[in-house]
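Architecture at a glance
In case you want the letters, here they are:
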Amino acid sequence: QVQLVESGGGLVQPGGSLRLSCVVSGITFRSYDMAWYRQAPGKQRELVASITIGGKTTYADAVKGRFTISRDNVKSTLYLQLNSLKPEDTAVYYCNKPPARGPWNYWGQGTQVTVSS
């Protein structure tokens, strides 16, 4: 069964950067489109970015130009580079399949990103 382990979050000042990682096991990673989601306190989980098995990327308008999603199929790892962070980016970030592919019922523990001065 799939296992998703997110890491790389932390406390950062506005304008700062972070790189999130998601190690995926239990499935053939290279065969799946993948995505990053986030959930802020009191809000629903939202899609942040997605990447196809061929490397095509899409982004939510709120993060376009600031975040970059990538993948390493050898390491079975999904990445999210977060630049020019804003307080409204504060959330727990998760990886999973994109909505069009039907996310797995299993979600990892996520990684907390807090943007504050």
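None of these values were measured; they are calculated from a predicted model. (Residues numbered from 1 in each chain as written. Predicted model: local features only at pLDDT ≥ 70, side-chain atom pairs only at ≥ 80, totals over all residues. Heavy atoms only, no water.)

**Some details on the sheet that holds strand β5 (residues 46-51)**
- Across the sheet, 6 strands lie side by side as β2-β10-β9-β4-β5-β6; this open sheet has mixed pairing. The strands lining the two open edges of the sheet, one partner per strand, are β2 (10-12) and β6 (57-59). On average, adjacent strands in this sheet sit at an angle of 25° to one another, irrespective of strand direction. (Pairing = 2+ DSSP bridges. Helix = DSSP H or I, 4+ residues; strand = E, 2+ residues; numbered from the N terminus. Axes fitted to C-alpha atoms, helices over the stretch in contact; angles between N-to-C directions.)

**Remarks on the pattern of salt bridges**
- Going through the model one piece at a time under the given rule, you end up with 5 salt bridges.
- Measuring nitrogen to oxygen at the nearest pair gives 2.8 Å for the salt bridge that ties arginine 101 to aspartate 33. Taken together, the residues span a long stretch of sequence, with arginine 101 in the loop between β9 (91-96) and β10 (111-115) and aspartate 33 in the loop between β3 (18-25) and β4 (34-39) at a distance of 68 residues.
- Under the relative-accessibility criterion, aspartate 33 is labelled buried at 11%.
- Three or more residues are tied together by salt bridges with common partners; here these are Arg38, Glu46, Arg66 and Asp89. (Salt bridge = Lys/Arg side-chain N within 4 Å of Asp/Glu carboxyl O. Buried < 20%, exposed > 50% of the residue type's maximum accessible area, 1.4 Å probe, protein only.)

**Re the layout of surface pockets**
- When its volume is computed, the largest pocket comes out at roughly 160 Å³.
- Along the walls of the largest pocket sit 13 residues, with Arg38, Lys43, Glu46, Glu88 and Asp89 positioned nearest its centre.
- Class assignment for the residues of the lining of the largest pocket results in 3 nonpolar, 3 polar and 7 charged. (1 Å grid on protein atoms, 1.4 Å probe; cavity = no way out; pocket = protein on both sides within 12 Å on 5 of 7 lines; lining within 4 Å. Points joined across faces, edges and corners; volume = space filled by probe spheres on them. Nonpolar A, V, L, I, M, F, W, Y, C, P; charged D, E, K, R; others polar.)

**Examining the packing of aromatic side chains**
- Counting across every chain of the model gives 3 aromatic pairs.
- Taking 5.4 Å as the distance between ring centres and 55° as the angle between the ring planes, the aromatic pair formed by tyrosine 32 and tryptophan 104 counts as tilted. With tyrosine 32 in the loop between β3 and β4 and tryptophan 104 in the loop between β9 and β10, this residue pair connects regions lying 72 residues apart in the sequence.
- By relative accessible area, tyrosine 32 is classed as partly exposed at 28%.
- Their ring planes at 90° and their centres at 6.0 Å tell us that tyrosine 94 and tryptophan 107 sit as a pair that is edge-to-face. In this pair, tyrosine 94 is assigned in strand β9 and tryptophan 107 in the loop between β9 and β10, connecting sequence segments 13 residues apart.
- Given a relative accessible area of 12%, tyrosine 94 falls into the buried group.
- The residue whose ring lies beneath arginine 71 is phenylalanine 29, and the NZ or CZ to ring-centre distance is 4.5 Å. (Phe/Tyr/Trp six-rings, centres within 6.5 Å; stacked < 30°, edge-to-face > 60°. Lys NZ or Arg CZ within 6 Å of the ring centre and 35° of its normal.)

**Quick notes on the nonpolar core**
- By size, the foremost hydrophobic cluster in this structure holds 27 residues, and its most contacted members are Trp36, Val48, Phe67, Leu78, Leu80, Leu82 and Tyr93.
- Breaking this core down by element, the ones donating at least two residues are β3, β4, β5, β7 (67-72), β8 (77-82), β9 and β10. (Core = buried A, V, L, I, M, F, W, Y, C linked by side-chain atoms within 4.5 Å.)

**Quick look at the sheet that holds β8**
- The strand order across the open sheet built from 4 strands is β1-β3-β8-β7, with neighbouring strands paired in antiparallel fashion. Either end of the sheet is taken by a strand with one partner, and the two such strands are β1 (3-7) and β7. Going from strand to strand, the sheet's axes swing by 15° on average, the running direction of each strand aside.
- One ladder, built from 6 bridges, connects β3 with β8; its direction is antiparallel. Counterpart to serine 21 in the pairing with β8 is tyrosine 79.

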